[in-house]
Amino acid sequence: MRRFSALVGSGIFLIAAPGVVAGLVPWLLSDRWGLPWSPLPLFALTGGMLVIAAAAVLLHAFVRFALEGLGTPAPVAPTERLVVGGVYRHVRNPMYVAVLSIILGQALLFSSWSIAAYAAVAAAAMVTFVKLYEEPTLAGRYGAEYEAYRRNVPGWLPRITPWRG
């Protein structure tokens with residue numbers, strides 16, 4: 001896949017998947033962000049910072065897929081190469097971690113139990129998808145390269161020092 005096509009495809013998938021999961025659904029759950037910000041200033045500040053930081057990580061991960069992997073995160077247009085650079089040197093699933101962080105940030109920002117509960121359901125769905133589909137698919141597609149990566153980089157809790165594989 002050419003870089004331009006990969007960037008366009010990744011952009012479309014960014015809107016279609018994380019845009020819905022971390023944007024539209026929390027927006028609907030929070031009564032279209034009609035909720036006031038948390039009355040606890042530390043919650044609002046922490047939530048806002050979490051949303052901004054996680055959005056930056058998410059965008060970085062999507063760009064890596066297009067430029068390093070020459071593909072998209074969408075299963076219908078996978079990368080030609082295994083993506084192991086940038087934030088992927090710290091955690092194998094930075095997109096899922098970022099999306100969950102965005103959702104949790106909004107739960108804090110609005111002190112919303114419904115968004116927090118949604119984050120738990122989304123996390124369970126993501127972990128299940130990764131274990132049942134993504135990991136076996138990546139192992140089949142990239143073989144020993146993926147297995148070495150999987151052994152050295154944690155799936156969900158980022159490591160402080162980057163993997164130098």
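Everything below is about the structure shown above.
As a starting point, this report considers the structure included with it. Because the structure is predicted, anything quoted here is derived from the model rather than measured.

Another aspect to go through is the overall build of the chain. Helix and strand counts for the chain stand at six helices and zero strands. Compactness check: the chain gives a C-alpha radius of gyration of 16 Å against a globular reference of 15 Å for 165 residues, within 12% of the reference. Along the first, second and third principal axes, the C-alpha atoms of the chain reach 50 × 30 × 25 Å. Looking at the chain as a whole, 39% of its 165 residues are labelled buried. Taking as baseline every contact in the chain between residues at least 6 positions apart, the subset at least 24 positions apart corresponds to 71%. As presented, the chain carries roughly 9,000 Å² of accessible surface, and 73% of it is formed by carbon and sulfur atoms. The average position of the 13 basic charges and that of the 7 acidic charges among the side chains of the chain differ by 6 Å.

Time to look at the nonpolar core. Residues Leu-58, Tyr-88, Met-95, Ile-103 and Tyr-149 are the most contacted members of the largest nonpolar core, which totals 33 residues. Contributing elements (two or more residues each) for this core: α3 (41-67), α4 (94-110), α5 (113-142) and α6 (144-152). For this core, the element with the highest residue contribution is α4, accounting for ten residues. Beyond its immediate sequence surroundings of up to four residues, Tyr-88 is in contact with Ala-61, Arg-64, Phe-65, Val-83, Pro-94, Met-95, Tyr-149 and Val-153.

Our focus in this paragraph is the packing of α4 against α5. Two elements in contact, α4 and α5, have axes whose closest approach is 9 Å; the angle formed by their N-to-C orientations is 175°. Relative to α5, α4 is oriented roughly antiparallel. In this structure, α4 contributes Tyr-96, Val-99, Leu-100, Ile-103, Leu-104, Gln-106, Ala-107 and Phe-110 to the contact, and α5 contributes Ile-115, Ala-116, Tyr-118, Ala-119, Ala-122, Ala-123, Met-126, Phe-129, Val-130 and Glu-134. Across the contact of α4 with α5, the residue classes tally to 16 nonpolar, one polar and one charged.

Turning next to the pattern of salt bridges. Counting across every chain of the model gives four salt bridges. Note that Glu-135 is salt-bridged to Arg-92, the shortest N-O span being 3.1 Å. Residue Glu-135 is found in helix α5, and its partner Arg-92 is found in the loop between α3 and α4; the two are separated by 43 residues along the sequence. Considered together, Glu-135 and Arg-92 belong to a single accessibility category, that of buried residues. Overall, the relative accessible area of 10% leaves Glu-135 in the buried class. Sharing partners across several salt bridges, the network here consists of Arg-92, Lys-131 and Glu-135.

Criteria and cut-off values
- Residues numbered from 1 in each chain as written.
- Predicted model: local features only at pLDDT ≥ 70, side-chain atom pairs only at ≥ 80, totals over all residues.
- Heavy atoms only, no water.
- Helix = DSSP H or I, 4+ residues; strand = E, 2+ residues; numbered from the N terminus.
- Rg over C-alpha atoms; globule rule 2.2 N^0.38 Å.
- Buried < 20%, exposed > 50% of the residue type's maximum accessible area, 1.4 Å probe, protein only.
- Contact = heavy atoms within 4.5 Å.
- Areas by Shrake-Rupley, 256 points an atom, 1.4 Å probe, with all protein chains shown as cover.
- Lys, Arg positive; Asp, Glu negative; His and termini not counted.
- Charge placed at Lys NZ, Arg CZ, Asp CG, Glu CD.
- Core = buried A, V, L, I, M, F, W, Y, C linked by side-chain atoms within 4.5 Å.
- Axes fitted to C-alpha atoms, helices over the stretch in contact; angles between N-to-C directions.
- Parallel < 35°, antiparallel > 145°, perpendicular 65-115°, else oblique.
- Nonpolar A, V, L, I, M, F, W, Y, C, P; charged D, E, K, R; others polar.
- Salt bridge = Lys/Arg side-chain N within 4 Å of Asp/Glu carboxyl O.

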